[in-house]
Amino acid sequence: MGLYGGIEAGGTKFVCAVGSGPDDLRAEERFPTTTPEETIARAIDFFRAHRSPLLAVGIASFGPVDPNPASPTFGHITTTPKPGWAHTDIVGALRQALGVPVGFDTDVNGAALGEHCWGAARGLDTFIYLTVGTGIGGGGMVNGRLIHGLMHPEMGHVRIPHDLALDPFPGACPYHGDCLEGLAAGPAIEQRWGRRGENLPPDHPAWPLEARYLALGLVNYIVTLSPQRIIIGGGVMEQPQLFPLVRREVQALLNGYLQVPAILEDIDSYIVPPALGQRAGVLGAIALAREQVPAS
Ligand code: ZN
C-alpha cells in the first residue's frame, strides 16, 4: 500500500507526517513556523528523508488561502497578517521539490475531511468542524463536499450580539473588533481577564460567557447550514467544563424551534470534540493527499 505525506501548516507550528491513516502514521515531526523559506524547506527535508516514495502530499493550512484549483493563485496562502507569509505559494514549492500531486485546503476543512474519513463525522454528509484556539476557524461539508465557494468559509468572523454592559471588552479582531473570534478566541480570553484561559479556574465567570458566545455562533451555523453534527477542537475547548455549557446555551438559544432529537434529546452526541483528538489536523492533511490519488 502506498504512503501519503501530510502537513498541518499552523501559524505557530508545522506538523508533518507520513502514513496512510490513524492506524498507520509512520513518522511525525513538528517544528515552529518561522519564515516561509525556512519552514517549507524543513518540511521538504522531512519528506525527502523518508525513504519510501510518496503517492501524494496534502497540506491543511492556516489562511486565508486560495483552494480553487482553477485559480492562478491556487495553493497560495493569500492575505495573512502573519509577517512574511502573505502570497506564499506553498503548494508550488512542495510540488516542485517532491514531484508528487499536492492536495490543499484550509486547516479546518482538512480536519473536517479527516473526521469524515476516520472520526466523528463518518457517514455524515453535512457537518461542521470548528476550531477555537488562537483564532476561530470553521470548515466542513455540505452534501458530501468540502465547503468552498467564493474562497472558503471564515466562520470565526460572524457577527454576534455583544452586550457591552455585561462584557465591556471591545474585542480583539483587527478587522471587526467584536466578531465571534474577537470576543471568544484565546487572545480575547487572555486580554479580557488578564490571564490565559488555561490558568482560569473551571468556575470562573469567563466560561459561561465563553459558552454563550460560542453558542451564538453555533446557532447561526445550525440554522444556516443544517449540520448533522458539529465537531469543535482547538486549545480553548480543552477546558472540560465548556462542552456542557455550550450545549445548554445552544438549546436555550434555539428555544425549542428545531424539533429534532439531535438537539432536544441527544445534544451530547451532536456537539462533540474531534474523535481524532489532536491528530485531526495532520490526519486531515493525509486525507487531502489521499484525495489526490484516484481510488485510494
Ligand atoms: Zn473578525
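It should be noted that the structure appears before, not after, this text.
Summary of the structure given here. From a predicted model like this one, the values you see are computed outputs, not experimental measurements. Every chain's residues receive numbers from 1 upward, in the order its sequence appears when written. Since the coordinates come from a predicted model, pLDDT governs what is reported: local features require at least 70, and pairs of side-chain atoms require 80 or more to be given and counted, while whole-chain, interface and lining totals use all residues. To get the side-chain values, take all heavy atoms of the structure and skip hydrogens and water.

### Considerations on the packing of aromatic side chains
Definition in use: In this scheme Phe, Tyr and Trp rings, the latter by its six-membered ring, pair at centre separations within 6.5 Å, and the angle between planes marks the pair as stacked below 30 degrees, edge-to-face above 60, and tilted otherwise. Labels follow the DSSP assignment, with helices taken as runs of H or I lasting at least four residues and strands as runs of E lasting at least two, numbered in each case from the N terminus. Exposure is judged per residue with a 1.4 Å probe applied to protein chains only, and the accessible area is read against the type maximum: over 50% gives exposed, under 20% gives buried, and values in between give partly exposed.
Counting across every chain of the model gives five aromatic pairs. Where Phe74 meets Phe104, the ring centres are 6.0 Å apart and the plane angle is 90°; that geometry is what we call edge-to-face. Highlighted residues: Phe74 in the loop between strand E4 (54–61) and strand E5 (76–77) and Phe104 in strand E7 (residues 102–106), separated in sequence by 30 residues. Phe104 matches Phe74 in its accessibility class, with the two residues each being buried. Taken together through their ring pairs, the aromatic side chains of Phe14, Phe31, Phe62 and Trp85 make up a single cluster.

### Description of the environment of Ala295
Position of Ala295 relative to the elements: it lies in the segment after helix H9 (280–290). A sequence separation of 187 residues divides Ala295 from Val108, and the C-alpha atoms of the two residues are 24 Å apart.

### Some points on helix H1 (residues 36–49)
In plain terms, the rule: A helix is expected to span 1.5 Å multiplied by its residue count minus one. This arc corresponds to the set of directions leading from the helix axis out to the C-beta atoms. Only heavy atoms enter the contact rule, under which two residues are in contact if any of them lie within 4.5 Å.
When the terminal C-alpha atoms of H1 are compared, their 20 Å separation across 14 residues agrees well with the 20 Å that a helix rising 1.5 Å per residue should span. For H1, the full list of buried residues reads Pro36, Thr39, Ile40, Ala43, Ile44, Phe46 and Phe47. The buried residues of H1 occupy one face: seen down the axis, they fall within an arc of 155°. Across from the buried face of H1, at angles greater than 90 degrees, the exposed residues are Glu37, Arg48 and Ala49. Residues of H1 that are buried in the fold lie against strand E1 (3–9), strand E2 (13–21), strand E3 (24–32), E4, strand E6 (88–89) and helix H2 (90–98).

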